[in-house]
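Architecture and fold: a report
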2 protein chains.
Amino acid sequence: MPANVFSNSDFFTRYMELRKELNYNDLLEHPEMEKLLPPLIGRSVLDLGCGYGAYAREFIEKGASSYLGLDSSELMIAKAEKENSGKNISYRKLDLGHLEELEGKYDLAYSSLVFHYIEDFDRLVRNINMKLNDGGILLFSQMHPLISASYGYSGYFESDYFAFTGYQDEGRREGKWFKQKVISYHRKVSSIISTLSFNGFFVEKVVEPVPNEDLLMEFASLERDLIRPTFLIVRARKVPFSAH
Amino acid sequence: MPANVFSNSDFFTRYMELRKELNYNDLLEHPEMEKLLPPLIGRSVLDLGCGYGAYAREFIEKGASSYLGLDSSELMIAKAEKENSGKNISYRKLDLGHLEELEGKYDLAYSSLVFHYIEDFDRLVRNINMKLNDGGILLFSQMHPLISASYGYSGYFESDYFAFTGYQDEGRREGKWFKQKVISYHRKVSSIISTLSFNGFFVEKVVEPVPNEDLLMEFASLERDLIRPTFLIVRARKVPFSAH
């Protein structure tokens, strides 16, 4: 991930301000990810793009034997080590584009809202597969392709209709966040699933989260997720064969 | 499929008029389906919702040992038997909602643009799995969920943006075709994939077809498929395990 915005200290500070309040991720994405977790007791967890390690302790509390968080941002890793360290928890600065540099194998590869920043998805998935024990699980979430499709993420609502463009045109997108250019990569749902299968993953479950009634009562803006999804979540299992 | 429009003789006649000319299916859907066919030599083919058997002979010419076409419309089956019969080709009137009534097992279950008419997808997929030999393939296309999402299929283009509603709300949709009410069932991509996996299919490949340059030169209206897909195509393999 060249020019990672999370390595920019100004951006980092603003991002951390944002994370202080409940946001879309906490409300819609994280609960679904939790539901899809495999049994963790005695399992080793690799967190791909761990940020400041917000969920490190949760994994250990759920019984994981170890947790290793990877992130390409030195600022994130420093904050993680300061705020979310503990027994069997470790962090390492590593770009997910170079996962082959990592030693060892893991039982769960977990990744929350990071994969849309990765340019070479095929390579990423192939590398993750190699870092998993047989039967290991890859559980990840990412920006939904309906959101990443439009150039500059310029999808829009008109009444209860959501309009997008560029879905069929995969590749680089430039968005803005706190006046900072953010690069991500649009991939079609079909490509994401096909790439996983091709590289030896059995796609067990795909989820496009919908807010429940309690959430809607409290956060009316989530109503838009009753129309189009914001996130795509996939749980896949490493199988002893691939479609190669 | 209760109240199947294809069993209505007026609708049937108009549909056949339409099929005389090259259409979206011939241009965009069928070539992709062909590319995804497994080796056919010596294999038995089950065509789910075969219509008038347009591709029956093609399967036999490609080496299939047998072809059985199922359709719930008596008019379609009669036309198929009259126009597309041949050695190792047979047809049977059967509603896909009652696939358990079929005897025998097959190597390929093929279905072109029919599954969006089926109300109970979980039951359909479970039944298909039971009718396949181990390692057998299910290859199907259907209306893309971005098209079936909006109530009454009222998605629309505004310049190069495509607008839809109702994606997250699965269920019955009423559309019109030749002034005839057509019922179909909207399902999210995530549900379609998850249901296949849950019922013992390894989803090998998912395709959202894009027109190539030759097609675009000849049929400018296909440009819209450079923005949003019209079809969803899935190839899945029966595996000796399921996610149950």
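Residues numbered from 1 in each chain as written. Chains lettered and ligands numbered in written order. Predicted model: local features only at pLDDT ≥ 70, side-chain atom pairs only at ≥ 80, totals over all residues. Heavy atoms only, no water.

1. Let's talk about the sheet that holds strand β7 (residues 161-164) of chain B
Note the cut-off: Pairs of strands are assigned from DSSP output, requiring at least two bridges between the strands. Only DSSP runs of H or I reaching four residues or more are called helices, and only runs of E reaching two or more are called strands; each is numbered from the N terminus. What counts as an axis is a line fitted to C-alpha atoms, over the stretch in contact for a helix, and the angles between N-to-C directions run from 0 to 180 degrees.
Pairing within the open sheet is antiparallel, and its four strands lie in the order β6(A)-β7(A)-β7(B)-β6(B). Each edge of the open sheet carries a strand with a single partner, namely β6 (156-158) of chain A together with β6 (156-158) of chain B. Across the sheet, the mean angle from the axis of one strand to that of its neighbour is 35 degrees, orientation sign disregarded. In the sheet, β6(A) pairs with strand β7 (residues 161-164) of chain A via three bridges, with the strands oriented antiparallel. Bridging across to β7(A), E158(A) finds its partner in Y161(A).

2. Some remarks on the packing of aromatic side chains
Aromatic rings considered in pairs are described by the distance between their centres and by the relative angle of their planes. What counts is decided by this rule: The criterion for an aromatic pair is that two Phe, Tyr or Trp rings (for Trp, the six-membered ring) have centres within 6.5 Å, with stacked assigned to planes under 30 degrees apart, edge-to-face to planes over 60 apart and tilted to the rest. Summary of the burial criterion: residues with accessible area below 20% of their type's maximum are buried, those above 50% are exposed, and those between are partly exposed, where the area comes from a 1.4 Å probe applied to protein chains only. Placement of a positive charge over a ring is assigned whenever Lys NZ or Arg CZ falls within 6 Å of the ring centre and within 35 degrees of the normal to the ring plane.
Counted under the stated rule, the structure contains 22 aromatic pairs over all chains. Centre to centre, the rings of F164(B) and Y167(B) are 6.4 Å apart; their planes meet at 75 degrees, and the pair counts as edge-to-face. Exposure class is identical for F164(B) and Y167(B). Each is buried. Members of the aromatic cluster, joined through ring pairs, are F157(A), F162(A), F164(A), Y167(A), F157(B), F162(B), F164(B) and Y167(B). Between the NZ or CZ atom of R228(B) and the centre of the ring of F162(B), over which it lies, the distance is 5.0 Å.

3. Some remarks on the relation of the copies chain A and chain B
Note the following rule: In this comparison the copies share one frame, found by least squares on the C-alpha atoms of residues holding pLDDT of at least 70 in both. Any two residues whose heavy atoms approach within 4.5 Å are treated as being in contact.
When chain A is brought onto chain B, the operation consists of a screw motion whose angular component is 180 degrees and whose axial shift is 0.0 Å, with 0.0 Å RMSD remaining. Read as a symmetry element, the transformation amounts to a two-fold axis. Identified as the residue of chain A closest to the rotation axis by C-alpha distance is A163(A), at 2.0 Å. Comparing interface residues between copies, 100% of those in chain A also sit at the interface in chain B, which points to an isologous, same-surface contact.

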